[in-house]
Amino acid sequence: MIEVKPVEQDMEALVSRVFLKAIDLLGGFSKLVEYRTLTWLPSLVRACYTVILREEYLKTEQEIAERVGLTGQTVRNILRADPTVTMEKIKRLEDLVEEERKEMKVHTAGGLAKLAYKLIKEGHEESKVFIEYCERIAHALDIPWAYITLRRLKGVDFPIGSAEDIKEKLMGVYIKGRPAEEVIAELEYPVKNPAELLHKVKENLKMHGIE
């Protein structure tokens, strides 16, 4: 048998998804700004890379340490972190801020990254932070239909199981001259996240000869 391994060029996208999910679990960027804990971000990014390199690419602790720029012991602590304990800490966010204001501890970052990774793999996408991220990109690239679609879908939980789940929210929206209800009815479901939705809509437009 030939073992098919993930292509490492996809790693950045997965790290971004896991990182944004972890931010979502903390209450979003606005919550980090409120508590003045943006200093947590570097530790969280390194933890996300560590978890993904181990789970997706089967890298050894030493390989991960060299890749991410951490000590072997730090990598080991991240991988041994208990997501359940971290979840309890998040519920008491004010206490966590007091304890780890300057920098998020290794065990906390590791537990949060592992929890975020697990949720992403189970299909629980970044319905809050990620949709805002995609929305800003759509606006910056001047793609009106994408921007309006994402604005209408704020508050929607991903994955989306069928067109009926979002049909009402997209009433009155036109995508390149076509009613959004018609477009989404032709898509394949489930749709895992906002980025996948936009991709499927774009492919649908191409199929109809609309650029």
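Rules and cut-offs
- Residues numbered from 1 in each chain as written.
- Predicted model: local features only at pLDDT ≥ 70, side-chain atom pairs only at ≥ 80, totals over all residues.
- Heavy atoms only, no water.
- Axes fitted to C-alpha atoms, helices over the stretch in contact; angles between N-to-C directions.
- Helix = DSSP H or I, 4+ residues; strand = E, 2+ residues; numbered from the N terminus.
- Parallel < 35°, antiparallel > 145°, perpendicular 65-115°, else oblique.
- Left-handed = near helix turned anticlockwise from the far one by under 90°.
- Contact = heavy atoms within 4.5 Å.
- Nonpolar A, V, L, I, M, F, W, Y, C, P; charged D, E, K, R; others polar.
- Expected span 1.5 Å × (residues − 1).
- Buried < 20%, exposed > 50% of the residue type's maximum accessible area, 1.4 Å probe, protein only.
- Patch = residues over 30% accessible without salt bridge, like charges linked within 9 Å, V, L, I, M, F, W, Y side chains within 5 Å.
- Areas by Shrake-Rupley, 256 points an atom, 1.4 Å probe, with all protein chains shown as cover.
- Salt bridge = Lys/Arg side-chain N within 4 Å of Asp/Glu carboxyl O.
- Polar contact = N/O pair within 3.5 Å; in protein donor to acceptor, adjacent residues only side chain to side chain.
- Arc of directions from axis to C-beta.

**Some remarks on the packing of helix H10 (residues 144-152) against helix H13 (residues 194-207)**
Two elements in contact, H10 and H13, have axes separated by 11 Å at closest approach and are oriented at 140°. One way to sum up the angle between H10 and H13 is to call them oblique. Taken as a pair, H10 and H13 cross one another with a handedness that is right-handed. Listed contacts from H13 to Trp145, Ala146, Thr149 and Leu150 of H10 are Pro194, Leu197, Leu198, Val201, Lys202 and Leu205. The residue makeup of the contact of H10 with H13, split by class, is 8 nonpolar, 1 polar and 1 charged.

**Quick notes on helix H1 (residues 11-25)**
Here H1 contains 15 residues, and its C-alpha end-to-end distance of 21 Å stays within 8% of the 21 Å for a straight helix at 1.5 Å per residue. Listed as buried for H1 are Met11, Leu14, Val15, Val18, Phe19, Leu20, Lys21, Ala22, Ile23 and Asp24. A positive phi of about 105° marks Gly27, the residue just after H1.

**As for the environment of Tyr174**
With respect to the helices, strands and loops of the structure, Tyr174 is situated in strand E1 (residues 174-175). Judged by relative accessible area, Tyr174 falls into the exposed class, the value being 52%. Along the sequence, Tyr174 and Pro144 sit 30 residues apart, while their C-alpha atoms lie 9.8 Å from each other. Apart from residues no more than four positions distant in its own chain, Tyr174 is found in contact with Trp145, Pro179 and Ala180.

**Description of a nonpolar patch on the surface**
Together, Phe29, Val33 and Leu38 give the surface a local cluster of nonpolar side chains, amounting to about 250 Å² of exposed area. Of note, Val33 is situated in helix H2 (residues 29-34).

**Description of the pattern of salt bridges**
Considering all chains together, one arrives at 13 salt bridges under this definition. When the shortest N-O distance is used, the salt bridge between Glu100 and Lys89 registers 3.6 Å. One end of the pair, Glu100, is in helix H7 (residues 93-100); the other, Lys89, is in helix H6 (residues 83-91), with 11 residues separating them in the sequence. The class for Glu100 is buried, based on a relative accessible area of 2%. Ionic pairing is found between Arg101 and Glu98, a salt bridge with its closest N-O pair at 3.4 Å. By relative accessible area, Glu98 is classed as exposed at 60%. A single salt-bridge network, built from bridges that share partners, covers Arg178, Glu182 and Glu186.

**Section: the side chain of Asn193**
The topology assignment puts Asn193 in the loop between helix H12 (180-185) and H13. Residue classification places Asn193 among the buried positions, given a relative accessible area of 8%. One polar contact links the side chain of Asn193 to the main-chain amide nitrogen of Ala195, over a distance of 3.1 Å. There is a polar contact of 2.8 Å between the side chain of Asn193 and the backbone nitrogen of Glu196.

**Some thoughts on H10**
Burial in H10 covers these residues: Trp145, Ala146, Thr149 and Leu150. Each buried residue of H10 sits inside an arc of 125° when the element is viewed along its axis, so together they form one side.

**Concerning the environment of Lys102**
With respect to the helices, strands and loops of the structure, Lys102 is situated in the loop between H7 and helix H8 (106-121). As for Lys102 and Thr37, which are separated by 65 residues in sequence, their C-alpha atoms are 7.1 Å apart.

**Examining unusual backbone geometry**
Backbone torsion omega between Phe158 and Pro159 reads 5°, so that peptide bond is classified as cis. On the secondary structure map, Pro159 appears in the loop between H10 and helix H11 (164-167). The step from Tyr189 to Pro190 runs through a cis peptide bond, and the omega angle for that step is 5°. Structurally, Pro190 is set in the loop between H12 and H13. Here Arg36, not a glycine, exhibits a phi torsion of approximately 55°, which is positive. Along the polypeptide, Arg36 turns up in the loop between H2 and helix H3 (41-55). For Arg36, a relative accessible area of 68% puts it in the exposed group. The phi torsion at Leu58 lies on the positive side, around 55°, for a residue other than glycine. Topologically, Leu58 is positioned in the loop between H3 and helix H4 (61-68). Judged by relative accessible area, Leu58 falls into the exposed class, the value being 55%.

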